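The primary structure of each chain is shown beneath.
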Amino acid sequence: MEFDVVVVGAGAVGASLARALRGLSVALVSGSRPSGARPASSDEFDPRVYALSPGSVAFLRSIKAWDLIEPSRLTPVRAMRVFGDAPDATLAMDAYRAGVPELAWIVEDRALQAALWSALSTQDRLETIAPAACVSIDFSATAAQVRLADGRMLDTALVVGADGADSFVRSAAGIGVRQRAYGQSAVVANFACEREHANVASQWFQGGPVLALLPLPGRRVSMVWSVPDAQAERLLALAPDLLAREVSAACGEALGELTLVSTVHAFALKRLEAHNLVRERVALAGDAAHVVHPLAGQGLNLGLQDASALAALIANREPVRGVGDFTVLRRYERERREAILAMRSMVHGLYCLFDAKAAAVGRARNLGLNLTDRLPVLKNALLRHALR
């Protein structure tokens, strides 16, 4: 079986890249069969949600996937409020002052996946191979060959690893990583709230832990609470009413009484950086290339930017260059390096700053939060970065 591109990994990054490679023959290899299932009713929301930047939304529109998301599953973020670990340390941003309709859109993982798979179902020259597992990849200067567990062989000009932090493609290509466990887990769940969230996303830095409440349709919010692993285990073991009360207390009862309306999950957090984004006949995208702390909510946005950049560079390559030409792949690596480094440095820097226990550091970080709130130049720079 021969293809121009084999994309390994069918999450949001891999699926969006496969969709963006229209005009090429593409194999999308997934470890599980995509169901495309939506929540059973409007009262059921996936506890895993994403805050998509306007730039990510524009990319999804360009590949005809955004408009396939059910409007009832989308929530615009009109404002953001960030609270330091001192009572008077705050940073506020809103769409009106930024001159944009919204700062971000909140979408469930399940709804986004359903839209992407609906778009892919109409795509010519695309073959979805699922469930399937890669057992080996042979790379050469002219081609790559992917062997699947069932014995099938996929010959291609380019293999893209969009298969997550434990990427098989990355390992097969001999690309090393730098990684570090944060010793934290992100506890995620959805709550009904007594008060209206007014389309405001709120975040509380708590001297290490970080609590975020993201608006969902109606009086619902999605919680992402990054806490030490031991605390995550304790939160997972709490009865629903006790967990709701603890979350409400942690955010100063900003939304009144909370009621748990979903299952509760936890994800171990780590920092990961691939030594290279490309090698001969291979490119990495999404978590296979980089993993950042979720405190800025930018992980998927970075991955979608990877997919957008790689697809555009392949589409605009010179006629004499093939899909997997190393010159094209190096352009991708150079284009993405700065944005990835900037986001990784900012997120890790914030984590270290708010995790520090020294009193002097605490005073400095909260002063900095207030100073940023009062200086339009600094605040606008942050907004420009977040809107990409």
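Check the entry above for the structure.
So, a few notes on the structure that sits alongside this text.

Definitions and cut-offs
- Residues numbered from 1 in each chain as written.
- Predicted model: local features only at pLDDT ≥ 70, side-chain atom pairs only at ≥ 80, totals over all residues.
- Heavy atoms only, no water.
- Core = buried A, V, L, I, M, F, W, Y, C linked by side-chain atoms within 4.5 Å.
- Buried < 20%, exposed > 50% of the residue type's maximum accessible area, 1.4 Å probe, protein only.
- Helix = DSSP H or I, 4+ residues; strand = E, 2+ residues; numbered from the N terminus.
- Contact = heavy atoms within 4.5 Å.
- Phe/Tyr/Trp six-rings, centres within 6.5 Å; stacked < 30°, edge-to-face > 60°.
- Lys NZ or Arg CZ within 6 Å of the ring centre and 35° of its normal.
- Pairing = 2+ DSSP bridges.
- Right-handed = clockwise from strand over helix to strand, strands pointing away.
- 1 Å grid on protein atoms, 1.4 Å probe; cavity = no way out; pocket = protein on both sides within 12 Å on 5 of 7 lines; lining within 4 Å.
- Points joined across faces, edges and corners; volume = space filled by probe spheres on them.
- Salt bridge = Lys/Arg side-chain N within 4 Å of Asp/Glu carboxyl O.

Formed by 78 residues in total, the largest nonpolar core has its most connected members in Val7, Leu21, Leu52, Leu112 and Tyr332. Looking at this core element by element, the count peaks at 9 residues for helix 8 (residues 299-315). If near-sequence neighbours (up to four positions away) are discounted, Leu112 is found in contact with Ala12, Tyr50, Leu60, Ile69, Val107 and Leu300. Judged by nonpolar contacts, the second largest core, of 20 residues, contains Phe191, Val227, Leu243 and Ala244.

If you walk through the whole model with that rule in mind, you get 2 aromatic pairs. Between the aromatic rings of Trp66 and Trp105, the centroid separation amounts to 5.9 Å while the plane-to-plane angle is 70°, which identifies the pairing as edge-to-face. Of this pair, Trp66 sits in the loop between helix 2 (54-62) and strand 4 (74-77) while Trp105 is found in strand 7 (residues 104-108), placing the two residues 39 residues apart along the sequence. With respect to burial, Trp66 and Trp105 carry one shared label: buried. The cationic tip of Arg48 hangs over the ring face of Phe267; the distance from NZ or CZ to the ring centre is 4.6 Å. Positioned above the aromatic ring of Phe45, the side-chain terminus of Arg73 is 4.4 Å from the ring centre.

By the criterion of burial, strand 1 (residues 2-8) is predominantly enclosed, with 5 of the 7 residues buried. As judged from the 6 bridges shared by strand 1 and strand 11 (residues 153-161), these two strands associate in the parallel manner. Paired with Phe3 across the two strands is Thr156, which belongs to strand 11. For the crossover from strand 1 across helix 1 (residues 12-20) to strand 2 (residues 26-29), the handedness is right-handed.

The next subject is the layout of surface pockets. The volume enclosed by the second largest pocket comes to roughly 210 Å³. In this structure, the second largest pocket is lined by 13 residues; those nearest its centre are Glu273, Ala274, His275, Leu277 and Arg337. For the lining of the second largest pocket, the elements supplying multiple residues, two or more each, are strand 17 (265-274) and helix 9 (326-355). With 6 residues, the top contributor of residues to the lining of the second largest pocket is helix 9.

Let us now look at the pattern of salt bridges. Enumeration over the complete set of coordinates arrives at 17 salt bridges. A salt bridge links Glu108 to Arg73, with the shortest nitrogen-to-oxygen separation between them at 2.8 Å. Separated by 35 residues along the polypeptide, Glu108 in strand 7 and Arg73 in the loop between helix 2 and strand 4 bring together distant segments of the chain. Its relative accessible area of 1% is what places Glu108 among the buried residues. Given the relative accessible area of 5%, Arg73 is considered buried. Where Asp166 meets Lys270, a salt bridge forms, and the shortest distance between an N and an O atom there is 3.6 Å. Separated by 104 residues along the polypeptide, Asp166 in the loop between strand 11 and helix 5 (168-172) and Lys270 in strand 17 bring together distant segments of the chain. One continuous salt-bridge network, built from bridges that share partners, spans Glu318, Arg321, Asp325 and Arg331.

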